[in-house]
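Observations on the three-dimensional arrangement
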Amino acid sequence: MHLIYYDEVKYDPPKQDRYWLGGICVPSRSVPEIEGEVNSIAEDIFGSRTLRRSTEIHGIELCRGNGNFKGREFDLRLDALARLLAVLKRDDVFQIIACINPGNLAYTSSDPDEIAFMFFVEQVDILLSEKDSLGMLFGDYDEPMIGRSVASLSQYRELGTDWRRAREITNLIDTVHFARSHHSRLIQLADVFLYCYQFQRQENQAPWRARIAQVIKDSDALTLNKHRFWPQERMWYR
């Protein structure tokens, strides 16, 4: 059994010219150990392992030094980032991304987030099939997306995905489960993964961005196991 934790980076031009949906897939037996590793990082930063808003880790806050990381020294934040990337590099943490370029969508009226969710579900199901495993999805609580995601997954499991190359979804079970990100270290880890992946594809010439980009690169942690970029384009980075 595998558990899949995912998050999104919203389309917000000109700052963000793509819609990203990505996450991590981990064997259920590995969850306590991975959770413990992220808890240890949180304890070193915040002085507590307890799940609450004040101990929540977000990639954007960690890298930019705002939110829970406001006033924290840059080197301390870089060290925390490196430790989180080391968790992502574990052999039992699998990485999946669906990325949509809305500027190149010419032939569909579907919203980018709906397309990304469908492709993400397909890629997760392919990974689970290869591992001969079942899986369950856990998303960051985002009220506008909850009903649509639950309904979409139910439809995909019954009828397959929507497009010409429709895929039957057989290895995802139950429904999409949602939790506030401050209630789950694994959702926080998925947030850090997705933030770092899309961060590497932006202009990182400012000194602080260049240092973060170097930490990400040196970690060698961002190796996608499954991905779908659409409309089809060259996959950046590795």
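About the thresholds
Numbers given to residues run from 1 along each chain, matching the order in which its sequence is written. Whole-chain, interface and lining totals are the exception, using all residues; otherwise, since this is a predicted model, local features are given only for residues with pLDDT of at least 70 and side-chain atom pairs are given and counted only at 80 or more. Derived side-chain values reflect all non-hydrogen atoms in the structure, with water molecules and hydrogen atoms excluded from consideration. Take a side-chain nitrogen of Lys or Arg and a carboxyl oxygen of Asp or Glu: if they are within 4 Å of each other, that pair is a salt bridge. A helix here means a DSSP run of H or I that spans at least four residues, while a strand means a run of E at least two residues long, and both kinds are numbered starting from the N terminus. Only protein chains enter the calculation, and the probe is 1.4 Å; a residue is then buried if its accessible area is under 20% of its type maximum, exposed if over 50%, and partly exposed in between. It only takes one pair of heavy atoms within 4.5 Å for two residues to be counted as in contact. A score from 0 to 100, pLDDT tells how confident the predictor is in each residue. Any two strands with at least two DSSP bridges between them are considered paired. Only the stretch in contact is used when a helix axis is fitted, and all axes are lines through C-alpha atoms; the angle between N-to-C directions ranges over 0 to 180 degrees.

1. Some thoughts on the pattern of salt bridges
As enumerated under the stated definition, the model contains 14 salt bridges in all. The salt bridge involving E114 is made with R148; its shortest N-O contact spans 3.8 Å. Taken together, the residues E114 in helix α4 (residues 112–130) and R148 in helix α5 (residues 143–159) connect sequence positions 34 residues apart. Under the relative-accessibility criterion, E114 is labelled partly exposed at 34%. Residue classification places R148 among the partly exposed positions, given a relative accessible area of 32%. Because the salt bridges share partners, they merge into one network encompassing E33, E37, R90 and D92.

2. Structural notes on the environment of F199
One can find F199 in helix α6 (residues 185–199). What makes F199 buried here is its relative accessible area of 1%. Separated by 136 residues in the primary sequence, F199 and C63 have C-alpha atoms spaced 9.9 Å apart. Apart from residues no more than four positions distant in its own chain, F199 is found in contact with N204, W208, R209, I212, A213 and I216.

3. Observations concerning the confidence of the model for the chain
Across the chain, pLDDT averages 92, with 94% of residues at or above 70. In the model, residues 234–238 has pLDDT below 50 throughout and makes 20 contacts with residues more than four positions away in sequence or in other chains.

4. Thoughts on unusual backbone geometry
A cis geometry characterises the amide bond from P13 onward to P14, with omega recorded as 0°. Its location among the elements puts P14 in the loop between β1 (2–9) and β2 (19–27). Put simply, W230 and P231 share a cis peptide bond, and its omega is -10°. Relative to the helices and strands, P231 is located in the segment after β6 (226–230). With a phi angle near 65°, D174 is a residue other than glycine that sits in the positive phi range. For D220, which is not a glycine, the phi torsion comes out positive at approximately 55°. Of note, D220 is situated in the loop between α7 (207–219) and β6. A relative accessible area of 33% places D220 in the partly exposed class.

5. Description of the sheet that holds β6
Pairing is mixed in the open sheet, where 6 strands are placed in the order β5-β4-β1-β2-β3-β6. Of all the strands in the sheet, the pair left with one neighbour each is β5 (172–179) and β6. Direction aside, neighbouring strands of the sheet carry axes that sit 20° apart on average. Strands in contact with α4 are β1, β2, β3 (94–100), β4 (135–140), β5 and β6; relative to β3, the strand with the most contacts, it is inclined by about 150°.

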